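Letter by letter, the chains look like this.
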Amino acid sequence: MNGFTTALRAELYIALRNYANRIAVLAPLLIVAAQLILTRLGQAGTAAREALLNESPFGAEATDVTAYGYFVDGLGTGLTLLVLILVALAAHSFAFDRDTGLLRHLLIRRVSRPAVIAAKLVQLHLTALLALLVLLAGTWLLCAWLWEFGPVVEDGFELIGEAEIRSEIALGLRLALLPLPAVIAFGMLVSVLTNSTTQAVTTALGINLAIDIFKATLGDSAYYLYATFQPALLDQSYLSDVGSLVRGFSDVLIDSRFLTLNTWIPLPQMLILVLLSLWLVQKRNL
């Protein structure tokens, strides 16, 4: 790992001045903001129409007054987009430096290949952390502005209290975040194996989307794949169930084995992917 500090300083210097990283940090929140605002406008239009037609004296707000459900929806959308962005960034990172000759410049300065990979992984995780913090804070503030946080109440009876709601959201968010390091490591492995930047990005995104499509056909075998637990377009993550739980639906079935595997599968697979990248990068001709 010779030259890790030098490689990391170079990565952080570039990341702070790279528009792609700024887009990665802000894009999930911007998409979520559009989704939440359009949802609120749709509710306002429905309430106004029902008031004019005298269909409901209480309007649309009578059936769903808590903001927690929309907060979980926003997190699901934002994390789904963040997964795709991280896969693309990781696949682009090493392949772009190799294609443009930046990698040779680092190697000339006696920075080892594994050190370059390790520095890029650290930088990508820092970008993911910053994007996550922006997403959480922005989504919470938007939901507080558009709706009201509170317990789920029906006919004066509290179905689920705020403490329980927040506990479920915390669990769902933690389980949804565990696959993210594996997502980054997968993108980096593809970047090492492919021959060009375009090939790396398209291959990484293509495989990620293919896994998303076909994981439903794998049955219980899909539980041993980290991608099953990440928020996705065809979502099977626990966070999607949390969206129903915080709205007071009691018919959601929770498989304890799913939660256990969600806890233990992603990080070991991330470690395997990282070790493969560190080994293969020394075998490749650059």
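Our subject is the structure listed above.
The notes below deal with the structure included here. Since the model is a prediction, treat every value here as computed from it, not as a measurement.

Rules of the game
Residues numbered from 1 in each chain as written. Predicted model: local features only at pLDDT ≥ 70, side-chain atom pairs only at ≥ 80, totals over all residues. Heavy atoms only, no water. Axes fitted to C-alpha atoms, helices over the stretch in contact; angles between N-to-C directions. Helix = DSSP H or I, 4+ residues; strand = E, 2+ residues; numbered from the N terminus. Parallel < 35°, antiparallel > 145°, perpendicular 65-115°, else oblique. Left-handed = near helix turned anticlockwise from the far one by under 90°. Contact = heavy atoms within 4.5 Å. Nonpolar A, V, L, I, M, F, W, Y, C, P; charged D, E, K, R; others polar. Phe/Tyr/Trp six-rings, centres within 6.5 Å; stacked < 30°, edge-to-face > 60°. Buried < 20%, exposed > 50% of the residue type's maximum accessible area, 1.4 Å probe, protein only. 1 Å grid on protein atoms, 1.4 Å probe; cavity = no way out; pocket = protein on both sides within 12 Å on 5 of 7 lines; lining within 4 Å. Points joined across faces, edges and corners; volume = space filled by probe spheres on them. Salt bridge = Lys/Arg side-chain N within 4 Å of Asp/Glu carboxyl O. Core = buried A, V, L, I, M, F, W, Y, C linked by side-chain atoms within 4.5 Å.

1. Description of the packing of helix α2 (residues 19–53) against helix α5 (residues 113–146)
Interaxial distance between α2 and α5 falls to 9 Å at its minimum, and their mutual angle equals 20 degrees. Here α2 lies roughly parallel to α5, going by the angle between them. The handedness of the crossing between α2 and α5 is right-handed. On α5, the residues touching Asn21, Ala24, Val25, Leu26, Pro28, Leu29, Val32, Ala33, Leu36, Ile37 and Arg40 of α2 are Gln123, Thr127, Leu130, Ala131, Val134, Leu135, Gly138, Thr139, Leu142, Cys143 and Leu146. By residue class, the composition of the contact of α2 with α5 is 16 nonpolar, 5 polar and 1 charged.

2. What about the packing of aromatic side chains?
Counted under the stated rule, the structure contains 8 aromatic pairs. For the pair Phe71 and Trp140, a centre-to-centre distance of 5.2 Å together with 85 degrees between the ring planes defines the contact as edge-to-face. Taken together, the positions of Phe71 in helix α3 (residues 68–100) and Trp140 in helix α5 put the pair 69 residues apart, joining distant regions of the chain. Classification of Phe71 by relative accessible area gives buried; the value is 5%.

3. Focus: empty space enclosed by the protein
A complete count under the given rule lists 1 cavity of 30 Å³ or more for this structure. Roughly 50 Å³ of volume is contained in the largest cavity. Around the largest cavity sit Thr80, Val83, Leu84, Asn208, Leu209, Asp212, Gln230, Pro231, Ala232 and Leu233, which together line it. Elements represented by at least two residues in the lining of the largest cavity include exactly α3 and α8 (197–214). Of the residues that constitute the lining of the largest cavity, the class distribution is 6 nonpolar, 3 polar and 1 charged.

4. Quick look at the pattern of salt bridges
Throughout the structure, instances matching the rule amount to 7 salt bridges. In this structure, the salt-bridge partner of Asp220 is Arg257, at a minimum N-O distance of 3.4 Å. With a gap of 37 residues between them, Asp220 in the loop between α8 and α9 (238–245) and Arg257 in helix α10 (residues 256–264) connect regions that are remote in the sequence. Since its relative accessible area comes to 35%, Arg257 is described here as partly exposed. The network of salt bridges with shared partners includes Glu11, Asp97 and Lys120.

5. As for the nonpolar core
One broad rule of soluble globular proteins: the nonpolar side chains tend to lie buried together. Judged by nonpolar contacts, the single largest core of 82 residues is most densely connected at Leu36, Leu79, Phe94, Ile117 and Ile169. Residue contacts for Phe94: discarding those within four places in its chain leaves Leu103, Val116, Ile117, Lys120, Met188, Ser191, Val192, Val281 and Leu286.

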